[in-house]
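# Secondary and tertiary structure notes
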Amino acid sequence: MSAPVHLRDRLSLDSTVTFATDLSHIVFGISSSAETWDRERPYNELWWRPGEMHGYVWLDEDPPADSTWPSTCPPYRVSTFNASTIGGSPSAARIARTIVESYKAVMAEPGSREIRWFVIGDDSTVLFPENVVAVLNKYDHEEMYYIGSISESVEQTVRHSYSIAYGGAGFVVSQSVAAELALMMDGCLERYANLYGSDERVQSCISELGVILTIEPGFHQVDLHDDIYGLLAAHPVAPLLSLNHLRHLKPISPHWETQVEAVKSLIEVSKHDPSRTLQQAICYEHRPGVNWSVSVSWGYSVEVYPQHVSSKELAKPLMTFRTWRTRSPGPFTFDVRPVDPNRACELPLIFFLDQAKSETGRNGIIRTITEYSRNMTDNVISSCKLQSYIKALELETVTVYATKMDPDDWKRVNSL
């Protein structure tokens, strides 16, 4: 008679050989509701890959009987948990259990395929799967991990916590954390029924396991309003993992009419070089009549400043946004540069992505070629009289050549 297999051990039956994590090792759990799913679905369809990825959309009830669930989305499941018995907000308790629901759903499936990580997000979360895989390869999946990021707005972090990962940004738990939560979460949710939302409940339950948040700054809750151009044009040195709250923001590129189209453009270019997406490169051009500072956000935009701007300053996002709750000009959980229209020579000309392609050289090295054009809807009438600015106005397009980045390079970047 074979020895009994513990619930957790079924997810990793063969530990003698460790292979790199890939999409087959990840289960995605998407928290949603029958009311909000159709509204947010277009964002989910941008990144979900049927047949390549495994996961579920968790609803509070079945969708309308006369509707057909699209094959372009993860399959849906209806939560079996009676959240009304917990106290507090039933929806917050139900969403907090997305980890447990996903874990139990996997355990109920036949077969013994290895699951290492559970990635949890909202229906509005846009994920960048290759970069999620690259980040998870930094960590030992057999250890207990809770990985995510905090809010961009200080008013949100002060109100909630500097120690919680936000579900809108997406967060990750290792299979050992998911397994322990499956054993204790219902009782834990009763203890924390007074907390505001699902994220605080999840963090509180995980803290009882002695696990703290590991911050990966590429997860973006986007607790911001207006235009997040500045954030995307000066992304932290970290892979782009997610974006959230996009429906509430201006389209991230003026080349597109809708936000879904604009985000799709970013996702499509990221397929050429996922790890390099939004990574910033800074260079300078000095010659007679020209004194340009150039900042490239790969796959998104190029900024040309008509005077010297230090790399320290260029690494700070332009404050094109406001805080989430009060629409205030800060404070934020990262440095920013103010945008002052009265100081015209300190503002850049901005070029947004038009097209991208990849090519392989004779030496087998892959490089990308991305082309950016100036946003001609911008008001280029400026009080800046610098000769360098006048010369910059002659630029119509900028072409960027780059070798494809190795995802393993991210293993050399420490988490916060």
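Residues numbered from 1 in each chain as written. Predicted model: local features only at pLDDT ≥ 70, side-chain atom pairs only at ≥ 80, totals over all residues. Heavy atoms only, no water.

Before going further, it helps to spend a moment on the state of the cysteines. Summed over the entire model, instances satisfying the criterion amount to two disulfides. Across the disulfide, Cys188 is cross-linked to Cys205 (sulfur-sulfur distance 2.1 Å). One quick way to see it: the torsion about the S-S bond of Cys188 and Cys205 is about -110°, and its sign makes the bridge left-handed. Placement of Cys188 in helix H6 (residues 175-191) and of Cys205 in helix H7 (residues 198-207) is noted, with a sequence separation of 17 residues between them. With a sulfur-sulfur separation of 2.1 Å, Cys345 is cross-linked through a disulfide to Cys384. Across the S-S bond of Cys345 and Cys384 the torsion is about 105°, and the bridge reads as right-handed. With Cys345 in the loop between strand S14 (321-323) and strand S15 (349-360) and Cys384 in the loop between strand S16 (366-374) and helix H11 (387-392), the pair connects residues that are 39 residues apart, well separated along the chain. Like Cys384, Cys345 is buried. With no disulfide of its own, Cys283 lies 19 Å from the sulfur of Cys384, the closest cysteine sulfur. Judged by its relative accessible area of 38%, Cys283 is partly exposed. (Disulfide = S-S within 2.5 Å. Helix = DSSP H or I, 4+ residues; strand = E, 2+ residues; numbered from the N terminus. Buried < 20%, exposed > 50% of the residue type's maximum accessible area, 1.4 Å probe, protein only.)

Moving on to the sheet that holds strand S7 (residues 171-174). Read from one edge to the other, the open sheet built from seven strands follows the order S3-S2-S1-S4-S7-S6-S8, with strand pairing classed as mixed. Edge positions in the sheet fall to strand S3 (76-78) and strand S8 (213-215), since each has one partner strand and no second. Taken pair by pair, the neighbouring strands of this sheet meet at an average axis angle of 25°, ignoring direction. In this structure, strand S4 (residues 117-122) lies alongside S7, joined through four bridges in antiparallel fashion. Each bridged residue has a counterpart across the sheet, and for Ile120 the counterpart in S7 is Phe171. Packed on one face of the sheet, H6 meets S4 and S7 and runs near 85° to S7. (Pairing = 2+ DSSP bridges. Axes fitted to C-alpha atoms, helices over the stretch in contact; angles between N-to-C directions. Contact = heavy atoms within 4.5 Å.)

At their nearest, the axes of helix H1 (residues 37-47) and helix H9 (residues 259-270) sit 10 Å apart, and the two run at 15° to each other. By the criterion of interaxial angle, the relationship of H1 to H9 is roughly parallel. Considering the relative orientation of H1 and H9, their crossing is right-handed. Across the interface between the two elements, Pro42, Tyr43, Leu46 and Trp47 from H1 touch Gln259, Val260, Val263, Lys264 and Ile267 from H9. Residues belonging to the contact of H1 with H9 are distributed by class as follows: seven nonpolar, one polar and one charged. (Parallel < 35°, antiparallel > 145°, perpendicular 65-115°, else oblique. Left-handed = near helix turned anticlockwise from the far one by under 90°. Nonpolar A, V, L, I, M, F, W, Y, C, P; charged D, E, K, R; others polar.)

Before going further, it helps to examine the environment of Met184. Following the sequence through the fold, Met184 ends up in helix H6. Distance from Met184 to Val211, taken between C-alpha atoms, is 14 Å for residues 27 residues apart in sequence. In this view, Met184 contacts Arg191, Cys205, Glu208 and Leu209; residues no more than four positions away in its chain are not counted.

With that settled, the discussion passes to the pairing of strand S12 (residues 290-297). Along S12, seven of the eight residues are buried, which leaves the element largely enclosed by surrounding structure. Inspection of the sheet shows strand S11 (residues 280-287) paired to S12 by eight bridges, in the antiparallel sense. Of the residues in S12, the one forming a bridge with Arg287 is Val290. Counting the residues between successive antiparallel strands, the hairpin from S11 to S12 contains two residues, one of them, Gly289, with a positive phi of roughly 80°. Bridging between S12 and strand S13 (residues 301-305) involves five bridges; their strand directions are antiparallel. Within S13, the residue paired with Val296 across the bridge is Val302. Hairpin connection, S12 to S13: the antiparallel pair is bridged by three residues, and Gly299 has positive phi, about 80°.

Taken in spatial order, the six strands line up as S11-S12-S13-S15-S16-S17 in an open sheet, and their pairing is antiparallel. Two strands in the sheet have a free side with no partner beyond their single neighbour: S11 and strand S17 (397-403). Each neighbouring strand pair of the sheet contributes to a mean axis angle of 25°, computed without reference to strand direction.

A few words now on the side chain of Asp273. In this fold, Asp273 is placed in the loop between H9 and S11. The residues touching Asp273, leaving out its near neighbours within four places in the chain, are Trp298, Thr368, Thr403, Lys404 and Met405.

What the rule picks out here adds up to 20 salt bridges. Asp226 serves as the salt-bridge partner of Arg327, at 3.6 Å between the closest nitrogen and oxygen. Taken together, the positions of Arg327 in the loop between S14 and S15 and Asp226 in strand S9 (residues 224-226) put the pair 101 residues apart, joining distant regions of the chain. (Salt bridge = Lys/Arg side-chain N within 4 Å of Asp/Glu carboxyl O.)

Note on placement: Asp223 falls in the loop between S8 and S9. Excluding residues within four positions of it along the chain, Asp223 makes contact with Ser151, Glu152, Ser153, Gln156, Tyr166, His245, Arg322, Thr323 and Trp324.

What follows covers the nonpolar core. If you look at the biggest cluster of nonpolar residues, it comprises 114 residues, and the most contacted ones within it are Phe28, Phe118, Tyr146, Val173, Leu246, Ile252 and Val302. If sequence neighbours within four positions are ignored, Leu246 has contacts with Tyr43, Val126, Ile228, Ile252, Gln259 and Val263. (Core = buried A, V, L, I, M, F, W, Y, C linked by side-chain atoms within 4.5 Å.)

Turning our attention to the environment of Asp62. Considering the arrangement of structural elements, one finds Asp62 in the loop between strand S2 (54-59) and S3. Separated by 29 residues in the primary sequence, Asp62 and Ser33 place their C-alpha atoms 9.0 Å from one another. In contact with Asp62, not counting residues within four places along its chain, are Ala34, Tyr76 and Val78. Within the structure, the side chain of Asp62 is placed 3.1 Å from the side chain of Tyr76, a separation counted as a polar contact. (Polar contact = N/O pair within 3.5 Å; in protein donor to acceptor, adjacent residues only side chain to side chain.)

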